[in-house]
Amino acid sequence: MGKYRTAMIEVRNLSQTFVSPKGSFRALEDVNLSIPDHDFIAIIGRSGAGKSTFLRTLNGLLIPSEGSVVVGATDITQLSKRALQKYRCKVGFIFQQFNLVNRLSVLDNVLHGRLGYLPTWRGLLGLYTEHDYEVARAQLARLDLSTKENARVDSLSGGQMQRVAIARAMAQEPALILADEPAANLDPVLSEEVMRTLRGFNAEQGVTVVINIHALDLALEYAKRIIAFKRGRLVFDGRPAELSDALVDDIYERKEMLA
Amino acid sequence: MIAIVLYVLSGIAIALLSGIAKGSMRRLWLGAAVGLLIAFVAFPFSRSLGNLTRETVNPTLLALATDFPWLFGLPVLLILTLLIARRGGPRGAWTAVVTGVATLLAGLVFYSQPVHLVRLAPINGLMELLTALVLLGAIGLAAWNRPRLRWPLLAVGLVAGVLAFFWLNSSQGGHTYLPNSAGYYKLLRPTPAGANLQLVDAYNAGLQARNQVAKENGLALAEPIQSLADLKGKIPAEAANQGYRMLQPSRLQYGAFAVFVLAGLMLGAGLLHLRNLRLEETGDLQAGVVLASVFSLLLPAFNATEFNPAKLVKGWPFLVQFGQKAWPPLLADPSTNRFPLQEVLSFMTITVEIALVGTFIAALVALPTSFLAARNLTGASPWMRGVFYFTRAFYNVDRGIDTLILALILVAAVGLGPFAGVLAMAIHSVADLGKLYSEAIENVDKGPIEALESTGTAGVNVLRWAILPQVLPLLVSYTVYRFEINFRVSIILGFVGAGGIGFFIQGAMAAGQYDQMIIGVIAIVIVVNLIDFASSYLRSRLV
């Protein structure tokens with residue numbers, strides 16, 4: 001499974017400050033972390049703790065104010081636009097809102113995962129290669145969507161849409177999958193299904209998975225490693241078993257009334 | 001005099017009608033007070049004549065107040081009314097009644113004044129100052145919602161205002177661009193004692209020389225006069241040049257209409273308010289100001305457009321005659337080898353085809369340029385921002401130049417016929433479509449864009465696969481709608497020689513062939529409705 005192999009990701013002294021007319025907001029504060037190959041990491045923390053910012057920094061959708069994200073030997077925060085596009089080909093991103101193009105067919109949406117590999121002019125004309133179609137159809141089959149291939153996305157259910165989004169990410173043949181609350185819009189059964197799918201990719205194909213998640217039970221059940229953000233700082237990094245109730249209360253800033 | 005009574009009664013009637021509907025009476029009399037203040041300063045109330053028609057000056061009440069100082073009491077009373085109105089209750093209502101009656105009486109007293117001589121006192125620099133203030137106000141308004149730019153922009157507005165003021169007041173290289181604005185607002189001053197007799201003497205002294213000239217040109221000779229009244233309201237040319245005018249208090253202008261209607265309204269609303277003190281609401285002052293503003297915008301507009309139903313009554317026989325000549329339509333007359341129905345059908349086809357081609361070319365140009373005019377796609381670099389502003393500016397200028405004007409110019413360039421019309425339509429519609437397209441692009445769902453960017457897709461392909469599929473139905477819908485508008489535009493294009501049914505109608509009208517013209521009109525009604533129906537059906541299916 002050579003095409004799914006990646007190098008270690010080293011995050012060093014990462015800080016992110018957003019400046020708006022209303023003032024500046026420190027979303028990430030001096031984060032240091034290394035993500036080895038084949039890892040399955042769940043990121044927990046309250047809303048606004050910096051989880052999404054961190055995830056978007058890992059594929060270069062956001063450029064950090066300070067610090068570096070080194071993949072193998074290259075610092076992706078310093079890449080040119082073109083080089084960054086090349087890096088992103090190998091990084092699948094799954095969104096909470098699925099972010100599919102609703103008016104296009106399921107197959108078209110999954111093929112979007114292959115656009116990064118095509119020359120621009122072929123992309124404009126939609127001239128995908130036979131290989132692209134094979135990869136896309138294989139992912140559809142794996143996610144049980146083969147019969148929906150020609151359906152328009154806006155005719156699907158929420159669970160099906162998220163599976164299309166996962167198929168699109170997997171069609172990239174990624175080394176790394178980043179998932180931002182992939183299950184938050186789904187019911188508990190579908191949430192479990194999404195997590196099982198991601199664990200399957202991780203276990204069978206060795207894809208590194210980093211996932212933001214609110215549902216603590218799912219994180220503990222499926223992830224190999226948990227990291228926690230609190231107000232932009234990394235406050236926990238360890239195996240699920242190491243996460244005590246007291247720590248969880250601290251991460252979620254839960255103030256319980258003492259009897 | 002009957003007119004005045006009618007004006008006052010109609011004011012009272014408005015108050016009564018609104019009172020029956022339990023509308024706020026305080027709002028009405030507050031609005032009337034604001035309206036009266038505006039009328040006092042800005043609306044011509046009466047007329048004063050010089051020697052020539054263009055020397056006529058229509059003074060406002062403010063201008064008349066320098067001749068009749070007691071008129072200054074009116075604005076004082078009105079402002080007092082506005083101040084007392086804040087409290088509401090019977091005191092406000094009483095003030096409204098008193099002010100209404102006082103305004104009425106002031107108007108009537110002025111109306112019954114005799115014709116007499118006055119002298120103009122132009123206020124130099126007033127219009128220039130107003131222009132400067134409007135400039136400052138406009139920039140200030142733009143600055144209001146931008147807290148960071150507020151003070152710099154206000155400073156720019158101030159500098160612009162001062163510059164405009166001095167530019168308008170400068171000699172501007174020996175001539176002036178706006179000759180009417182200098183001393184446009186004129187006050188009327190009383191004349192010194194004996195001015196009347198002096199003017200009569202001067203007129204009689206110059207009479208012989210003038211009659212000499214008149215005799216050589218074979219014109220009627222003038223008689224010596226005993227008083228200025230012998231000139232029937234006019235005054236001698238020399239006197240007019242010296243700034244004298246003959247004030248005619250009973251020749252009322254539209255300002256008088258405003259004053260008497262509003263006084264009646266104020267009186268009526270005040271009385272009804274007294275009768276039922278609950279007829280007041282919290283937002284009365286704002287609503288009153290809005291009412292007064294609308295009234296003050298509409299009234300001068302009606303006056304300027306010479307709105308006059310009497311003319312319609314006078315012209316009625318022509319309409320009857322037109323109807324008799326137009327019906328029944330002459331569909332075909334083989335004996336003279338004329339087939340109007342055939343012509344209408346051919347011209348109508350051309351009209352639709354002009355709209356089709358014009359809209360198509362416009363869409364073709366608007367599609368690529370609208371991406372450059374979308375704010376969300378052009379934020380990447382200062383260079384792209386520049387392109388954005390350039391495209392937007394092009395659209396805005398182009399939108400301002402109407403298809404008909406473009407057609408006039410293009411007919412001169414490429415000759416009579418539909419090609420000029422197509423070009424004009426295409427050029428104008430680019431801006432309209434481009435603006436609609438770019439707004440559709442700006443409102444696109446950002447999710448798919450982010451998703452495609454994160455698969456490593458290059459910029460143009462993000463446009464192609466994340467944005468285009470989302471906006472395409474909207475773009476088609478806008479284009480169909482524009483075609484619908486363009487069809488109606490292309491009807492008119494014929495009138496400037498740019499082809500189509502308008503050309504036929506113009507020709508038939510000019511030749512008095514109303515029974516042929518009417519076929520064109522009926523055809524337009526039918527086709528306009530067909531296209532509207534088809535267009536709205538198509539658009540409802542698209543989105």
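Numbers given to residues run from 1 along each chain, matching the order in which its sequence is written. Both sets of labels track the order of writing: A upward for chains, 1 upward for ligands. Given that this is a predicted model, residues contribute local features only at a pLDDT of at least 70 and side-chain atom pairs are listed and counted only at 80 or more, while totals for whole chains, interfaces and linings are drawn from all residues. To obtain the side-chain values, all non-hydrogen atoms of the structure were included, while hydrogens and water were left out.

Here's the deal with the overall build of chain B
Per the secondary structure count, chain B includes 20 helices and 4 strands. For chain B, the C-alpha radius of gyration of 32 Å lies well beyond 24 Å, the compact-globule estimate for 543 residues. Overall, the C-alpha framework of chain B stretches about 90 × 75 × 60 Å when taken along its three principal axes. Residue exposure (1.4 Å probe, protein chains only): buried if accessible area is under 20% of the type maximum, exposed if over 50%, otherwise partly exposed. The burial tally for chain B puts 41% of its 543 residues in the buried class. Contact definition: two residues touch when any of their heavy atoms are within 4.5 Å. Contacts in chain B between residues at least 24 apart in sequence constitute 75% of all its contacts with a sequence separation of at least 6. The Shrake-Rupley method, run with a 1.4 Å probe sphere, supplies the accessible areas, and residue values consider only the shown protein chains as cover. Of the roughly 28900 Å² that chain B leaves accessible, carbon and sulfur atoms contribute 69%. Counting from the N terminus, the helices are DSSP H or I runs at least four residues long and the strands are E runs at least two residues long. Note that the radius of gyration is over C-alpha atoms, with the globule rule given as 2.2 Å times the number of residues to the power 0.38.

Let's talk about the sheet that holds strand E4 (residues 244-248) of chain B
Residue and element names in this part refer to chain B. One bridge is not enough; two strands pair if DSSP finds at least two bridges between them. Pairing within the open sheet is antiparallel, and its 4 strands lie in the order E1-E4-E2-E3. Every other strand in the sheet has two partners, leaving strand E1 (47-49) and strand E3 (186-190) as the edge strands with one partner each. Looking at each pair of strands side by side, their axes are set apart by 50° on average, direction ignored. Bridge count between strand E2 (residues 116-122) and E3: 5 bridges; the pairing is antiparallel. Bridging across to E3, Leu-120 finds its partner in Leu-188. Axis definition: a line fitted to C-alpha atoms, limited for helices to the stretch in contact. Angles are taken between N-to-C directions and run from 0 to 180 degrees.

Thoughts on the interface of chain B and chain A
Taken together, the contacts link 21 residues of chain B with 25 residues of chain A. Values labelled buried area give the accessible surface lost by two parts on being combined, using a 1.4 Å probe and summing over both. Three residues, Ser-454, Thr-455 and Trp-465 of chain B, lead the burial of chain B against chain A; their summed loss comes to 31% of the area buried on that side. What counts as a salt bridge is simple: a side-chain nitrogen of Lys or Arg found within 4 Å of a carboxyl oxygen of Asp or Glu. Run the count over chain B and chain A and you get 1 salt bridge. A salt bridge links Arg-56 of chain A to Glu-450 of chain B, with the shortest nitrogen-to-oxygen separation between them at 2.9 Å.

Quick word on helix H16 (residues 418-442) of chain B
Residue and element names in this part refer to chain B. The terminal C-alpha atoms of H16 lie 35 Å apart, and with 25 residues this matches the ideal 36 Å at 1.5 Å per residue to within 8%. The principal kink in H16, of about 30°, is found at Ser-429. Burial of H16 is extensive: 18 of the 25 residues sit out of reach of the surface. To estimate the expected span of a helix, count its residues, drop one, and scale the result by 1.5 Å. The seven residues ending at a residue and the seven starting there each receive a fitted axis; the angle between those axes is the bend at that residue.

Here we look at the sheet that holds strand E5 (residues 74-75) of chain A
Residues and elements named next belong to chain A. Spatially, E2-E1-E4-E5 is the arrangement adopted by the 4 strands of the open sheet, whose pairing is antiparallel. In this open sheet, the two strands that pair with only one neighbour each are strand E2 (23-35) and E5. Direction of pairing for strand E1 (residues 9-20) relative to strand E4 (residues 66-71): antiparallel, over a ladder of 5 bridges. Bridge pairing in E4 links Glu-10 to Val-70. Against the sheet, helix H1 (residues 51-58) touches E1, E2 and E4, its axis set at about 120° to E1.

Let's talk about the pairing of E4 of chain B
Residues and elements named next belong to chain B. The buried fraction of E4 is high, at 5 of 5 residues. Burial along E4 is two-sided: Tyr-244, Met-246 and Gln-248 and Arg-245 and Leu-247, pointing in opposite directions, are all buried. Inspection of the sheet shows E1 paired to E4 by 3 bridges, in the antiparallel sense. The partner of Ser-48 across the bridge, within E4, is Leu-247. Of the pairings in the sheet, the one linking E2 to E4 comprises 4 bridges and is antiparallel in character. Its bridge partner lying in E4, Arg-119 is registered against Tyr-244.

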